[in-house]
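Spelled out, the chains give:
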Amino acid sequence: MSTNTLQENKMGVMSEGKLLLNMALPMIASMLVQALYNVVDSVFVSQISESAVTALSLAFPIQNMQIGFAVGIGVGVNSLLSKSLGEKNQEGANRAAGNGLILMLIVTAVFMLFGFFGVRPYYEMQSDVRETVEGGIIYSQICCVFTVGVFLSILGERLLQSTGRTFYTMITQSTGAIINIILDPILIHGWFGAPAMGIAGAAVATVIGQWVSAVLVWFFNFKCNPEVQFGTRYLRLEGSTVRQILTVGVPSIVMNGIGSIMTFGMNQILQNFTETATGVFGVYFKLQSFFFMPLFGLNNATISIIAYNYGARKPGRITKTLKIACSAAFGLMLLGFAVFQLAPDALLGLFNPSDAFLSIGRAALRTISWSFPIAAFCIVLGACFQALGNGIYSTVTSLCRQLLVLLPVAYLLSLTGDVEKVWLSFIVAEFASAAATFYFFRRIYREKIQPLFVAQ
C-alpha cells in the first residue's frame, strides 16, 4: 500500500459533517434493518405463546454477551487499525487485523462450549415454567453452538469501518438481517410447506442470517479493502498488539457484560412480580433498538473518525466531529422519546399482548424513554473515550448506568410492590452516568485533545 493512498484516506480530508454522514448513514441503515429483524423475530415468536416471548427475553443476556465480546474485540481492532493508518503504519494495521481474527476464534470456542454445557443450568435457575425453560434451552443452544457467524461478521465489519468503507457493512448487515426476517415465518410456523420448528426455527433463522453476513463481509474485505492486508505472518498472537487491542476492547467487553448482568438482574427483580413483566422488559429492548442501534451506528462511525484524526494529529477535526455527532444523537433520541410517549399501545400491539402485558408495557415505555435524550450525549462522548484509548472511562460510565445505580435502585423500588415504579430506576441511572461522562470527558480533553492544539 503506497503512502499516497494512505494520505488520501477520506477520514483525514473530507469535511467533518459530510464525512460523518458518509460513514454513519450506511451503518445506521444496516442497524435499522437489524432492529427490524429483532422486532419481527419476537412478533412471530409471540404468536407461539407468551412463554416463548419470555424465553427470548431470558436469552437476551447470553446473546448480548456474545455480541459484547465480538464488538469489544472489534472496537479494539478498529481503534488500533484506524490509529495505525492515521500514522501511516501499514504493518501495525495488518497486525491489528490478524491478531483480532485469532482472538475472535478463541472466544468463539468458549461460547460453543457454553452452548453444550452451560445453557440448561442457566435457564433452570431463572424459571420453573417448563415451556419457557425448554424453549429457551433449544433457542440458546443453537445460537451458541453455531456462533462463529456472529464473531466473524462483526470483526469483518469493523475492518471495513476502520478504513471508511461503511457502505459494504450496510450490505452485509442488511442482507443477513433480511434473510433472517424471511426465514422466521418459514421456519417458525412452517410457511410454504416447511416443517414448523417453533422457537428452534427462530434460532436457525438467526444463525443462517449471521453466517451469510460473515461470508459476505469477508468477501468484501479481501476484494475491496486493500488498506488491510492479510498474511500468515500476521495470524499469530503478538503481545504488544494484543495488549493494545484489549486495552480498548476489554472495557467494551466489560460494558456489554455489565449489560448482560443488568438484564439478568432485572429479569430476577421482575420475575418477583409476574413472568409477564419479564416479557415486557424483553420487548422493550427490542423496541428501543430502533433508536439505540442507529445511535450505536453513529457511535461506531465517530470512533473511527476520531481515532484516525488523533493518529494524524488533527484536533480540530476531532472536536468538530464530536459536536456534529452529539447534535445528531440528541435529535435521534428526541424522536425516540416522542414515539414512545405518543404510541406505546401501537408498538406493543405488534406482540399479541394480553391486557396485563399492555398495561405494564405502556408504563414501561413511557417512563424509560425519559432517559433517551440524556443517553444520546453519554454514548457519543463514550466514543471519544474508546477512540483515544481510554476505554476504562466508558466502563465506569456504563457501571453507573447499568449496574452500580440501576439494579440497586430498581430493587429498592420493587419493594414498593408496584412494578411501574421499577422503571424509574432507568432515569436515575442515566443521570448518574451523565455526571460521570461529563467529568471524564473534561479530563480526556485536557490530557489528549488540548495538547494537540498547543502543538500546532
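A few points on the structure. (Residues numbered from 1 in each chain as written. Predicted model: local features only at pLDDT ≥ 70, side-chain atom pairs only at ≥ 80, totals over all residues. Heavy atoms only, no water.)

1. Some thoughts on the overall build of the protein
Part 1: Across its full length, the protein holds 20 helices and zero strands.
Part 2: Relative to a compact globule of 456 residues, whose C-alpha radius of gyration would be 23 Å, the protein shows 21 Å and is just as compact.
Part 3: Its C-alpha atoms give the protein principal-axis dimensions of roughly 65 × 45 × 35 Å.
Part 4: If you take every contact in the protein between residues at least 6 apart in sequence, the share linking residues at least 24 apart comes to 83%.
Part 5: Split by element, the accessible area of the protein, about 17200 Å² in all, is 67% carbon and sulfur.
Part 6: When the 27 positive and 21 negative side-chain charges of the protein are each reduced to one mean point, those points stand 16 Å apart. (Helix = DSSP H or I, 4+ residues; strand = E, 2+ residues; numbered from the N terminus. Rg over C-alpha atoms; globule rule 2.2 N^0.38 Å. Contact = heavy atoms within 4.5 Å. Areas by Shrake-Rupley, 256 points an atom, 1.4 Å probe, with all protein chains shown as cover. Lys, Arg positive; Asp, Glu negative; His and termini not counted. Charge placed at Lys NZ, Arg CZ, Asp CG, Glu CD.)

2. As for the packing of helix α8 (residues 148–162) against helix α10 (residues 199–224)
When two helices pack together, their arrangement is given by the angle between their axes and by how far apart the axes lie.
Part 1: It is the contact of α8 with α10, at a shortest axis distance of 8 Å, that shows an interaxial angle of 30°. Relative to α10, α8 is oriented so that their crossing is left-handed. For the pair α8 and α10, the contacting residues are Val148, Gly149, Val150, Leu152, Ser153, Leu155, Gly156, Glu157, Leu159 and Leu160 in the first and Gln210, Trp211, Ser213, Ala214, Val217, Trp218, Phe220 and Asn221 in the second.
Part 2: Broken down by class, the residue content of the contact of α8 with α10 amounts to eleven nonpolar, six polar and one charged. (Axes fitted to C-alpha atoms, helices over the stretch in contact; angles between N-to-C directions. Left-handed = near helix turned anticlockwise from the far one by under 90°. Nonpolar A, V, L, I, M, F, W, Y, C, P; charged D, E, K, R; others polar.)

3. A few points about the packing of aromatic side chains
The geometry of an aromatic ring pair comes down to the distance between the two centres and the angle between the two planes.
Part 1: One pass over the structure, following the stated rule, counts 27 aromatic pairs.
Part 2: Plain terms: the ring middles of Phe281 and Phe285 are 5.0 Å apart, the flat faces sit at 90° to each other, and that makes the pair edge-to-face. Taken together, the positions of Phe281 and Phe285, both in helix α12 (residues 275–311) and four residues apart, correspond to about one turn of that helix.
Part 3: Judged by relative accessible area, which is 2%, Phe281 ranks as buried.
Part 4: Look at Phe292 and Phe372: their rings are 5.2 Å apart centre to centre, the planes differ by 90°, and that puts the pair in the edge-to-face class. Within this pair, whereas Phe292 is found in helix α12, its partner Phe372 is found in helix α16 (residues 372–387), the two being separated by 80 residues in sequence. One exposure class covers both Phe292 and Phe372, and it is buried.
Part 5: Every member of this aromatic cluster is reached through a ring pair, and the members are Phe60, Phe281, Tyr284, Phe285, Phe291, Phe292, Phe340, Phe372, Trp423 and Phe426.
Part 6: Above the face of the Tyr310 ring, Arg313 is positioned so that its terminal group lies 5.7 Å from the ring centre. (Phe/Tyr/Trp six-rings, centres within 6.5 Å; stacked < 30°, edge-to-face > 60°. Buried < 20%, exposed > 50% of the residue type's maximum accessible area, 1.4 Å probe, protein only. Lys NZ or Arg CZ within 6 Å of the ring centre and 35° of its normal.)

4. Re helix α4 (residues 50–86)
Since the α-helix turns once every 3.6 residues, residues separated by three or four places project in the same direction.
Part 1: In this model, α4 (37 residues) spans 51 Å end to end at C-alpha, consistent with the 54 Å of a helix rising 1.5 Å per residue.
Part 2: Approximately 35° is the largest bend angle found in α4, and it occurs at Phe60, with the proline Pro61 only one to four residues beyond.
Part 3: The buried fraction of α4 is high, at 31 of 37 residues.
Part 4: Among the residues of α4, the N-terminal cap falls to Ser49, whose side-chain oxygen and the backbone nitrogen of Ser51 are separated by 3.4 Å. (Expected span 1.5 Å × (residues − 1). Bend = angle between axes of the 7 residues up to and from the residue. Polar contact = N/O pair within 3.5 Å; in protein donor to acceptor, adjacent residues only side chain to side chain.)

5. Examining the packing of helix α18 (residues 406–414) against helix α20 (residues 424–455)
Part 1: Taken N-terminus to C-terminus, the directions of α18 and α20 make an angle of 150°; their axes are 9 Å apart at the nearest point. Classed by the angle they form, the pair α18 and α20 counts as roughly antiparallel. Helix-helix and strand crossings are classified by hand; for α18 and α20 the assignment is right-handed. Of the residues in α20, those in contact with Leu406, Val409, Ala410 and Leu413 of α18 are Leu424, Ser425, Phe426, Val428 and Ala429.
Part 2: Across the contact of α18 with α20, the residue classes tally to eight nonpolar, one polar and no charged. (Parallel < 35°, antiparallel > 145°, perpendicular 65-115°, else oblique.)

Keep in mind that these numbers describe shape and distance, not what the molecule does.
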